[in-house]
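Architecture at a glance
Each chain, written out:
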Amino acid sequence: MRGRHVLFGVSLILLLGAVTGEFAGDYSKLSGIIIPGFASTQLRAWSILDCPYSPLDFNPLDLVWLDTTKLLSAVNCWLKCMMLDPYNQTDHSECKSRPDSGLSAITELDPGYITGPLSSVWKEWIKWCIEFGIEANAIIAVPYDWRLSPSKLEERDLYFHKLKLTFETALKLRGGPSIVFAHSLGNNVFRYFLEWLKLEIAPKEYRRWLDNHIHAYFAVGAPLLGATETVKATLSGSTFGLPVSEGTARLMFNTFGSSIWMLPFSKYCTTDNVYRRHFSGGNRKTHHAYHCDEHELQSKYSGWPTNIINIEVPSIRAGNEAYPSFVETVQTNLTGMECAFPTQLSFSAREVSDGTFFKAIKDYDPDSERLLLLLEKSYHADPILNPLTPWERPPLKNIFCIYGVDSKTEVGYYFAPSGKPYPDNWIITDVIYEIEGSLYSRSGNLVEGNPGATSGDETVPYHSLSWCKNWLGPKVNITRTPQSDHDGSDVQVHRNREHLHGEDIIPNMTRLPTVKYITYYEDSESSPGTRTAVWELDKANHRNIVRSPALMRELWLEMWHDIHPDKKSNFVTKAKRGPLRDEDCYWDYGKARCAWPEHCEYRYLFGDVHLGQSCRLKNSTSDLLSHYV
């Protein structure tokens, strides 16, 4: 069986540690809690729906998200089970859906051959854990209804109460704290949970609860300042690769309360501290007004590379004003609008998140008034937290922020009326991308703006992903290594680099164009009892990053190093990376032998179809992990 030798070696090390007291902490006591991202949890029907003109009906527990067979054969029925009331977030009168539970709810959304890797999310992650001997009850999935706003998650499903009980149950079951793995929107969910917890636990007990229940937090692909693709999905629709029209996708997406949760917002604007106001006797339901510092007034784009939205709207002559203010109500019929000359309006990230944009187009778009109501009710006036505000470092002991970089990522859009009825009333006329530290339009023209040092992960821009660099301490060690196994010859290190809060850290390091790197930013100095690290993975796609072998390898090594009593540094060494699994061994055709001969050997087993499959780890692997202390 592939991987059994390394599994034996790891198990032997852990066993010896338990007997001789080698480990300062007991690895078997740790739990892993996975919080999936947007559209990464299965939804199942919780009602009976008869679908006319289709042999397939929806019965209780039938798969809704994602069942491509029913989507193709009965799209109208499927939409009834997916869509929510856009005002109060209740289910459709004929069908309701609820999130599935357990690991199966997040591993593969649509098992089968139709969607293939598209629907496989956490399956490889779980397989990796099993291969390294992690027990079944040590990995806990906490799926949620990703269609709901954060307040509705608690109101309808008591999700955050259940999440608190999950941490407490894991502590009782395993005897130790948990490691949180959150991906994409799951990071926003976890952030809201930490704020919700402040109001559930006495202030003096809050930090103690976190220290007892959470050992480390891995934030993977976190949209810390939002994502511009949310705007595209709101105005023109995003199909997620499904066989539906963009108009249908928009119609569905805009009924979700979570459609606003990842809107881009300014890093210079914050809101009132609800936590302090709650304990000072203030009114918790007051509007969360934005307070922006002078940088917002001096910056053209709210700290983003460019304006998020550039949109053409019909110009209306009112009195002597050729172009009246876009926030005032316009009493003109649509015929007059269509005959007028268009005006292009531009909106920054702040103007998107504070509702200015939706007010501007509410006379031209039927969805805007509903979205504006949802924005104010479920986000600006949320009694726990306005999520459309910059993150501060969570008060956790160990934080690892991980994301992909150097991929072509959308950062701005040009919209215009399409002449078609809703929901296809807008078309995208141009797109602005960030790539290689520059901004380009869809036609390939260079665009002026404020590009970052590199680009994002194809979904979330670099400015949003890299916000967690502000959580690093005043001095940072920077290391750049190849993602693949390496002997250390291409490792670059800069130690004790000065870090000023609010400024990006740009390493002055070389790179080969044919090599994918990981760049590590790790605290050299930090607050007592805390550690922060940021990992940037070249060309790691937003959705696929949780399946990256390099990421899973680094996570495993970091956690193994974390509990070792003989560790020589705060973070695992980056000097060398060798095979950890049979799959990491391969045939070197140039030398006519298995690569990494000190770790791998040729050993044929029945069923192998090529030389690489017969390269396996050697039996003596007890010292395999000793290189990474």
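Residues numbered from 1 in each chain as written. Predicted model: local features only at pLDDT ≥ 70, side-chain atom pairs only at ≥ 80, totals over all residues. Heavy atoms only, no water.

- The protein goes by Phospholipid--sterol O-acyltransferase in an unreviewed UniProt entry, where it is assigned to Anisodus acutangulus.

**Regarding the pattern of salt bridges**
- Throughout the structure, instances matching the rule amount to 32 salt bridges.
- A salt bridge links arginine 250 to aspartate 367, with the nearest nitrogen and oxygen atoms 3.8 Å apart. Remark: aspartate 367 occurs in helix H17 (residues 366-380) and arginine 250 occurs in helix H11 (residues 246-253); sequence separation between them is 117 residues. Considered together, arginine 250 and aspartate 367 belong to a single accessibility category, that of buried residues.
- One salt bridge connects arginine 350 with aspartate 354, and the closest N-O pair in it is separated by 3.1 Å.
- Its relative accessible area of 25% is what places arginine 350 among the partly exposed residues.
- Judged by its relative accessible area of 18%, aspartate 354 falls in the buried class.
- Salt bridges here are not isolated pairs; linked through shared partners, they connect Asp145, Arg147, Arg156 and Asp157. (Salt bridge = Lys/Arg side-chain N within 4 Å of Asp/Glu carboxyl O. Helix = DSSP H or I, 4+ residues; strand = E, 2+ residues; numbered from the N terminus. Buried < 20%, exposed > 50% of the residue type's maximum accessible area, 1.4 Å probe, protein only.)

**Overview of the sheet that holds strand E13 (residues 409-417)**
- Read across the open sheet, the five strands follow the order E11-E10-E13-E14-E15; overall the sheet is mixed. Whereas interior strands pair on both sides, the edge strands pair on one side only; in this sheet they are strand E11 (342-347) and strand E15 (438-441). Put simply, the sheet's adjacent strands are angled 20° from each other on average, direction ignored.
- With four bridges joining them, strand E14 (residues 426-435) and E15 adopt antiparallel strand pairing. By the bridge assignment, isoleucine 435 is partnered in E15 with serine 438. (Pairing = 2+ DSSP bridges. Axes fitted to C-alpha atoms, helices over the stretch in contact; angles between N-to-C directions.)

**Some points on the side chain of aspartate 67**
- Along the chain, aspartate 67 turns up in the loop between strand E3 (63-65) and helix H2 (68-73).
- Among buried Asp, Glu, Lys and Arg side chains, aspartate 67 stands out as unpaired, with lysine 70 the closest opposite charge at 4.7 Å.
- Only 3.1 Å separates the side chain of aspartate 67 from the backbone nitrogen of threonine 69, close enough to count as a polar contact. (Lys, Arg positive; Asp, Glu negative; His and termini not counted. Polar contact = N/O pair within 3.5 Å; in protein donor to acceptor, adjacent residues only side chain to side chain.)

**Looking at the pairing of strand E1 (residues 31-35)**
- Here E1 lies mainly inside the structure; five of its five residues are buried.
- A two-sided burial pattern is seen for E1, the buried positions comprising Ser31, Ile33 and Ile35 on one face and Gly32 and Ile34 on the other.
- Taken together, the five bridges between E1 and strand E6 (residues 178-183) define a ladder with parallel strand orientation. Bridge assignment links isoleucine 34 to a residue of E6, and that residue is phenylalanine 181.
- In the sheet, E1 pairs with strand E5 (residues 139-141) via three bridges, with the strands oriented parallel. The residue of E5 that forms the bridge with isoleucine 34 is alanine 141.

**Observations concerning the state of the cysteines**
- For the structure shown, the criterion picks out six disulfides.
- Paired through a disulfide, cysteine 594 and cysteine 615 show a sulfur-sulfur distance of 2.1 Å. Taking the torsion about the sulfur-sulfur bond, which here is approximately -90°, the covalent link between cysteine 594 and cysteine 615 counts as left-handed. Note that cysteine 594 is positioned in strand E21 (residues 593-594) and cysteine 615 in strand E23 (residues 615-617), a separation of 21 residues in sequence.
- Taken N- to C-terminal, the disulfide-bonded cysteines of the protein are connected 1-2, 3-4, 5-6, 7-8, 9-11, 10-12. (Disulfide = S-S within 2.5 Å.)

**Topic: the packing of helix H8 (residues 185-198) against helix H9 (residues 203-213)**
- Running from N to C, H8 and H9 point in directions that differ by 140°, and their axes come no closer than 10 Å. Classified by the interaxial angle, the pair formed by H8 and H9 is oblique. For the pair H8 and H9, contact is made by Phe193, Leu194, Leu197 and Lys198 and by Tyr206, Trp209 and Leu210, respectively.
- Here the residues of the contact of H8 with H9 are counted per class, giving six nonpolar, no polar and one charged. (Parallel < 35°, antiparallel > 145°, perpendicular 65-115°, else oblique. Contact = heavy atoms within 4.5 Å. Nonpolar A, V, L, I, M, F, W, Y, C, P; charged D, E, K, R; others polar.)

**Focus: the pairing of E13**
- Most of E13 is tucked away, with seven of its nine residues classed as buried.
- Here strand E10 (residues 309-314) pairs with E13 via three bridges, running parallel. Along E13, the bridge assignment pairs isoleucine 309 with tyrosine 413.
- In this structure, E13 lies alongside E14, joined through eight bridges in antiparallel fashion. Across the sheet, glycine 412 pairs through a bridge with isoleucine 432, a residue of E14.

**Re the environment of leucine 372**
- Relative to the assigned elements, leucine 372 resides in helix H17.
- Leucine 372 sits in the buried class, given a relative accessible area of 12%.
- Counting along the chain gives 15 residues from leucine 372 to phenylalanine 357, while the straight-line C-alpha distance between them is 9.2 Å.

**A few points about unusual backbone geometry**
- Following tryptophan 65, the chain continues to leucine 66 via a peptide bond in cis, the omega torsion being 15°.
- Backbone geometry places leucine 158, a non-glycine residue, at a positive phi of 50°.
- Relative to the assigned elements, leucine 158 resides in the loop between helix H6 (150-157) and helix H7 (159-174).
- A residue is classified by how much of its surface remains accessible, and leucine 158, at 45% relative accessible area, is partly exposed.
- Although it is not a glycine, tryptophan 596 adopts a positive phi angle of roughly 55°.
- Summarising the element assignment, tryptophan 596 is placed in the loop between E21 and strand E22 (600-602).
- Taking the relative accessible area as the measure of exposure, tryptophan 596 reaches 13% and is therefore buried.

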